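Take a look at the letters that make up each chain.
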2 protein chains.
Amino acid sequence: MRVFGIDCGTEITGFGVVETDESARLPKLEMKAMGAIRLAKSKNTSQRLEEVFRQLTAELERWQPDVVAIEEVFYSVNAKSALKLGQVRGVALLAAACQKLPVAEYAPLKIKSSVVGYGLAKKEQVQYMVARLLHLETVPEPADAADALAIAICHIHTAQTLLAQGVGR
Amino acid sequence: MRVFGIDCGTEITGFGVVETDESARLPKLEMKAMGAIRLAKSKNTSQRLEEVFRQLTAELERWQPDVVAIEEVFYSVNAKSALKLGQVRGVALLAAACQKLPVAEYAPLKIKSSVVGYGLAKKEQVQYMVARLLHLETVPEPADAADALAIAICHIHTAQTLLAQGVGR
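Residues numbered from 1 in each chain as written. Chains lettered and ligands numbered in written order. Predicted model: local features only at pLDDT ≥ 70, side-chain atom pairs only at ≥ 80, totals over all residues. Heavy atoms only, no water.

**Focus: the overall build of chain A**
Selection criterion: To qualify as a helix, a DSSP run of H or I must reach at least 4 residues; to qualify as a strand, a run of E must reach at least 2; elements of each kind are numbered from the N terminus. Radius of gyration here uses only the C-alpha atoms, and the compact-globule reference equals 2.2 Å multiplied by the residue count raised to the power 0.38. Relative accessibility decides the category of a residue: with a 1.4 Å probe and only protein chains considered, values under 20% of the type maximum give buried, values over 50% give exposed, and everything between is partly exposed. Only the protein chains shown count as cover for residues, with accessible areas throughout obtained via the Shrake-Rupley method and a probe of 1.4 Å. By the counting scheme adopted, Arg and Lys are positive, Glu and Asp are negative, and His together with the chain ends is not counted. Working definition for charges: the position is that of NZ of Lys, CZ of Arg, CG of Asp or CD of Glu.
The helix and strand tally for chain A stands at 5 helices and 5 strands. Secondary structure elements in chain A, listed N-terminal to C-terminal, are β-β-β-α-β-α-β-α-α-α. Relative to the globule expectation of 15 Å for 169 residues, the C-alpha radius of gyration of chain A, 15 Å, shows essentially globular dimensions. Counting only C-alpha atoms, chain A reaches 50 × 35 × 30 Å along its principal axes. For chain A, the residues scored as buried account for 50% of the 169 residues in total. Just so you have it, chain A exposes about 8300 Å², and 50% of that area is on carbon and sulfur atoms. Distance from the positive charge centre (20 side chains) to the negative charge centre (19 side chains) of chain A: 3 Å.

This is the structure:
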């Protein structure tokens, strides 16, 4: 299974591709790619959204994932930030839909506890554990790319747990 | 000038196309099209966003407007609604960007006062005035389409005011 994680942000949107071989006895996680799409401040909103869409579409076409994993709605932000974040999120979901890819959504708490084992883990702890789980020599940067990898890992862990429990067999 | 107004909503997104001939001594507003994109509840979020994108893109290609007009961020909604609305808005802005169209944004108060002459006008008043200004025999339905026409009219009124003031000459 190859998972494309997306961490949407109003200034930087991170992405990360994680693969696992489910047929192996001890499935190993492998990072295939990671990156961050930084939005040019000189551009207006619609041009920035187009940039996110085009770059995400290019990465999805390049990496051909089985599924896209994305962070669930985060409610505690204010309405203004939520609307801006929603615009980026809408474009990311659209990019997945245009590639006919299923989308899995995970709450921030669930992602952190799946990767670090603790739902209120700090950003640095997430980066450290992502590096360990993916056998990376350095901590993934920027944090947005590490978060995207964490979302992808969360999806793989969740799928493995469901499989172990016999769900979906 | 041909203006494509969009009224984004989490369930229904209205659109309306209004044209004016600026060379005429008394520019008349003409409605070219209006409609509403209703989102199927059976579909998931990314499929619904794809539907909005495809339908808006088809209408933009059909009507070839000079500009897209859209309601500005509405801050008083809660963060959850704002994020959902933002997703639709992001896709609408993307549709405009993909057609290389400029986007003008107007605050709800500005739209209502431009069409009704009163910023706190009710929905029915907006519908009534949109019908009068566009010489329609019946009130435009649904209200989402009327709102989209109101946004387009607001853009034309604003452009005419700027022209009368000598801005942009």
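**Comments concerning the sheet that holds strand 2 (residues 12-20) of chain B**
Hydrogen bonds between backbone atoms are what pair the strands of a sheet, whose relative direction is either parallel or antiparallel. Residue and element names in this part refer to chain B. In plain terms, the rule: Here the rule is simple: two strands pair whenever DSSP picks up at least two bridges between them. Interaxial angle, 0 to 180 degrees, is taken between N-to-C directions of lines fitted to C-alpha atoms, where a helix line uses only the stretch in contact. Working rule for contacts: check all heavy atoms of both residues, and any pair within 4.5 Å makes them a contact.
What the 5 strands build is an open sheet, ordered 3-2-1-4-5; its pairing is mixed. Edge positions in the sheet fall to strand 3 (29-38) and strand 5 (103-106), since each of these pairs with one other strand and no more. Sheet twist, expressed as the average angle between the axes of neighbouring strands with direction ignored, equals 20°. As defined by bridge partners, strand 1 (residues 2-7) adjoins strand 4 (residues 67-71) across 4 bridges and the pair is classed as parallel. What sits directly across from Gly5, in strand 4, is Ala69. The strands that helix 2 (residues 79-98) touches are strand 1, strand 2, strand 4 and strand 5; relative to strand 4, the one it contacts most, it runs at about 170°.

**A word on the nonpolar core**
Condition: The term nonpolar core refers to a set of buried residues drawn from Ala, Val, Leu, Ile, Met, Phe, Trp, Tyr and Cys, joined through side-chain atoms within 4.5 Å.
Formed by 58 residues in total, the largest nonpolar core has its most connected members in A:Phe4, A:Leu56, B:Phe4, B:Ile6 and B:Leu56. In this view, B:Leu56 contacts B:Phe4, B:Ile6, B:Phe15, B:Ile37, B:Ala92 and B:Ala95; residues no more than four positions away in its chain are not counted.

**Notes on the pairing of strand 2 (residues 12-20) of chain A**
Residue and element names in this part refer to chain A. With respect to burial, strand 2 is a largely interior element, 8 of its 9 residues being buried. Direction of pairing for strand 1 (residues 2-7) relative to strand 2: antiparallel, over a ladder of 6 bridges. The residue of strand 2 that forms the bridge with Val3 is Val18. Following strand 1, the chain reverses through 4 residues before pairing antiparallel with strand 2. Note: strand 2 against strand 3 (residues 29-38), 9 bridges, orientation antiparallel. Paired with Thr13 across the bridge in strand 3 is Ile37.

**Quick notes on the sheet that holds strand 2 of chain A**
Residues and elements named next belong to chain A. With mixed pairing, the 5 strands of this open sheet are ordered in space as 3-2-1-4-5. Looking along the sheet, the strands with just one partner apiece sit at the ends: strand 3 and strand 5 (103-106). Each strand axis lies, on average, 20° off the axis of its neighbour in the sheet, ignoring direction.

**Observations regarding the pattern of salt bridges**
All names here are of chain A. Where we set the bar: Here, a salt bridge means any side-chain nitrogen of Lys or Arg that lies within 4 Å of a carboxyl oxygen of Asp or Glu.
In this structure the tally under the stated criterion is 16 salt bridges over all chains. The shortest N-O distance in the salt bridge between Lys32 and Glu30 comes to 3.7 Å. For Lys32, a relative accessible area of 28% corresponds to the partly exposed category. Looking at Glu30, the relative accessible area reads 40%, which means it is partly exposed. Connected through salt bridges with shared partners, the residues Arg2, Glu19, Glu30 and Lys32 form a single ionic network.

**Description of helix 4 (residues 123-133) of chain B**
Residue and element names in this part refer to chain B. Keep this limit in mind: This arc is built from the directions going out from the helix axis to the C-beta atoms.
Turning to helix 4, its buried residues are Val126, Gln127, Val130 and Ala131. Projection of helix 4 onto a plane perpendicular to its axis shows the buried side chains occupying an angular sector of 130°, all on one side. Exposed and facing more than 90 degrees away from the buried side of helix 4 are Glu124 and Arg132. Two residues or fewer after helix 4 comes His135, characterised by a positive phi angle close to 55°.

**Considerations on the interface of chain B and chain A**
We apply this condition: Here the quantity called buried area is the accessible surface, traced with a 1.4 Å probe, that two parts lose on coming together, added over both. Distance and chemistry together define a polar contact, namely a pair of N or O atoms within 3.5 Å, with one atom able to donate a hydrogen and the other to accept it when in protein, and with adjacent residues in sequence counting only for side-chain atoms on both sides.
The partner chain A presents 27 residues to the 27 residues of chain B that form the contact. With both chains or domains summed, chain B and chain A bury close to 2200 Å², and 74% of this area falls on carbon and sulfur atoms. At the junction of chain B with chain A, the criterion picks out 2 salt bridges. One salt bridge in this structure joins A:Lys100 and B:Glu50, with 3.3 Å as the shortest N-O distance. Counting the contacts that link chain B with chain A gives 6 residue pairs in polar contact (both at pLDDT 80 or more).

**A word on the packing of helix 1 (residues 45-63) of chain A against helix 2 (residues 79-98) of chain A**
Residues and elements named next belong to chain A. Keep this limit in mind: In a left-handed crossing the near helix is turned counterclockwise from the far helix by less than a right angle, and in a right-handed crossing that turn is clockwise.
Where helix 1 contacts helix 2, the two axes come as close as 9 Å, and the packing angle between them is 35°. Remark: the crossing between helix 1 and helix 2 carries right-handed chirality. For the pair helix 1 and helix 2, the contacting residues are Thr45, Leu49, Val52, Phe53, Leu56, Thr57 and Leu60 in the first and Gln87, Val88, Val91, Ala92, Leu94, Ala95, Ala96 and Cys98 in the second.

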